[in-house]
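This is what each chain is made of:
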Amino acid sequence: MSEVFEARSGSAMPPTAFPHRRPELLSMPGTSPSSRSSDGTGSRPVRTLLPIVRVNAGHGSDDGTCARFLQAKTRVNEKVGQRPRRRKERQSSSLIPAVFGVLDQIEGKERPWPGDLPALAAGQGTFGPAEIAWITNAVTTYPDLVAEGLHPLSGHWVKSGTSPADLRELYAWGRGYTDSTGSLRVLVLPVMSTVSARPPARSKVAIAAFTTAFGTLSSWPSPWSERFRPIDSPGPSPTRVSIRQVGLLDGSMVELFDGTPDKARALYQEAGRPVAVQVATGGPASPGRDCVSCKSLDSCDGVPRSSGIVGVSAPGAPLRQVSGTTLRYHVACPRQARLSAIHLSSDAQESAPIEVGRVVDDVLNRAHGTGDPAACTADQLVTSLQATPTAPAIADRALKLLGHHAEICPRASGCEITEVQVQATVVAFDPAASSVVVARPDLLYREDGDLVWRETATSLFPPSGKKHLFDTHKRLQLALAVLLCHAGALGEPVARLEVEYLTDRGPDLRYLDVTDPLLLAQAHAVVGPVAQNWRHDEAFAPAPGPACGSCAYTRWCPDAAANERTEHA
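First, a word on scope: everything that follows refers to the structure included in this document. (Residues numbered from 1 in each chain as written. Predicted model: local features only at pLDDT ≥ 70, side-chain atom pairs only at ≥ 80, totals over all residues. Heavy atoms only, no water.)

### Looking at the overall build of the protein chain
In terms of regular secondary structure, the protein chain is built from 14 helices and 20 strands. Buried residues in the protein chain amount to 49% of all 569 residues. Carbon and sulfur atoms make up 52% of the accessible area of the protein chain, which totals about 26000 Å². (Helix = DSSP H or I, 4+ residues; strand = E, 2+ residues; numbered from the N terminus. Buried < 20%, exposed > 50% of the residue type's maximum accessible area, 1.4 Å probe, protein only. Areas by Shrake-Rupley, 256 points an atom, 1.4 Å probe, with all protein chains shown as cover.)

Structure follows, in structure tokens:
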């Protein structure tokens, strides 16, 4: 048992982390709930109230995932608090399982598969045409591992263990293969885009290699609160294990691990097991992107709660995450908002204005994130920009805008600037709208002890003197920031909201008093109608038009392609 994971030096993990625990009855391995002896003399199956603690290799990532979210996720048959009943989304969002579902039907058959893939993709769930196009492309570009002599497997390698307090399972979600002898096991870990120059966490690779080397091929639990069940006899033990990462956007592939089971075990003991223990043990809440899929959200004391933030009533609606970007996309094109929400990957090139803004943000984030108390200087920003791979035209424009920032850098004010946070995640839960509201201020800092929220925007011209900032292109982002400040999302009052405009005419710094009732009313008037349309939209129909020109998903969207052909005819 201890080879899998345990909380502390052989002791069982404490079952008291979730006081509202209500585990289901489970059969012990080797028994079946329906098995009974025909003559009445046989023993009944052994029943247990032990919780299942299930750790996935993906839980070992080092990307700021919330420890409390992971702990709740690993304890798969325990109830956490009281959760209201919510409908499911009408449209499916599980794109990678859909890719694997199609591969299950066609992998190993002669390529190409003429005309079959879109229909097969559509059969994997309720998907729109853009998602079907993406799934089709992912299947088409997926590496032909069968040509390497590998055979796809149905099931997942799972390493199980038991303790007096719980049942433990360790697995890696991916696509498994073996050679004809069973001496080689290959696990493919998918990513939505391309394989990254930044490899996954060593702990993820370690857990994946260990479970692939020593796990038993098992069927996916249905329901999730049940145990993995072995598919058949264990079969031969492998002599070699390979863990590979495949990018579903372009079929790119990289090998993350290749070695013997002993090597996989050693890597797991060093880099995997400590993380698996930490994941199952839990820790403090870190509100962020995990909140929208966390089963403890409704009872979590780490997430500020305030009904009415976005001014929408949607009882029982599917839980969604919303930001200023979400609402801006939905105004431009509902389908764009939908594809962004499910993180559909794309290789589209950024427009020049967007790329300039991104480069400026990157340079300022690095400058403000160093911990250096000195104000930004033009020379410092130029040096940082030169170290950023950028096209000459983009760099020239960004250089001009960055030169203006030095004049209005917060640290140039002469006040005491402390606790500077770059791109911090601000989260609040709006139960009335069944929505997790998220924002990422460009800068949070204290000025003489007062908390200040600053947004930065690049523009050709600053807003005119009579033009309210809610009438600019950042209107939804700024209005939502005001509403979050009013809702107490930062845990304390915010002294002011600053908007830093870097323009060709020079810098322009504006202030918003987030305690002003008139400003709050204006923010609600800006966000409310847009949020209402977004919250009650279940179709996410396309709106071909000007938004197509800057949309990252036109490659997948047939309506965008038709619109472009019309415009250029």
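Having seen the structure, we can now continue with the description.
### With respect to the sheet that holds strand β14 (residues 417-422)
With mixed pairing, the five strands of this open sheet are ordered in space as β14-β17-β18-β19-β20. Looking along the sheet, the strands with just one partner apiece sit at the ends: β14 and β20 (506-512). Taking the axes of each pair of neighbouring strands and ignoring which way they run, one obtains an average angle of 25° across the sheet. (Pairing = 2+ DSSP bridges. Axes fitted to C-alpha atoms, helices over the stretch in contact; angles between N-to-C directions.)

### Notes on the packing of aromatic side chains
Two measures describe an aromatic ring pair: the distance that separates the ring centres and the angle between the ring planes. With the rule as written, the count across this model stands at nine aromatic pairs. Geometrically, the ring pair formed by tyrosine 171 and phenylalanine 228 is tilted, given 5.2 Å between the ring centres and 50° between the ring planes. On the criterion of sequence distance, the pair formed by tyrosine 171 in strand β6 (residues 167-171) and phenylalanine 228 in the loop between β9 (216-219) and β10 (229-230) is long-range, its members being 57 residues apart. Note on tyrosine 171: relative accessible area 5%, which makes it buried. A connected cluster of aromatic rings, assembled from ring pairs, spans Tyr171, Trp220, Trp224 and Phe228. Between arginine 54 and the ring centre of tryptophan 224, over which it is positioned, the NZ or CZ distance is 4.3 Å. (Phe/Tyr/Trp six-rings, centres within 6.5 Å; stacked < 30°, edge-to-face > 60°. Lys NZ or Arg CZ within 6 Å of the ring centre and 35° of its normal.)

### What about the sheet that holds strand β8 (residues 184-191)?
One open sheet holds the five strands; their spatial order is β4-β7-β8-β11-β12, and the pairing between them is mixed. At either margin of the open sheet sits one strand with a lone partner, and together these are β4 (151-152) and β12 (253-259). Strand direction decides the pairing type here: strand β11 (residues 240-247) and β12, joined by six bridges, are antiparallel. Within β12, the residue paired with serine 242 across the bridge is aspartate 258. Of the strands in this sheet, β8, β11 and β12 are in contact with helix α5 (residues 202-214), which crosses β8 at around 145°. (Contact = heavy atoms within 4.5 Å.)

### Observations regarding unusual backbone geometry
Most peptide bonds adopt trans geometry, and most residues besides glycine take a negative phi value. With an omega of 5°, the peptide bond between serine 222 and proline 223 qualifies as cis. Tracing the backbone shows proline 223 in the loop between β9 and β10. Phi is positive for glutamate 419, which is not a glycine, with a value near 50°. Along the polypeptide, glutamate 419 turns up in strand β14. Under the relative-accessibility criterion, glutamate 419 is labelled exposed at 51%. With a phi angle near 50°, glutamine 423 is a residue other than glycine that sits in the positive phi range. Here glutamine 423 is to be found in the loop between β14 and β15 (426-430).

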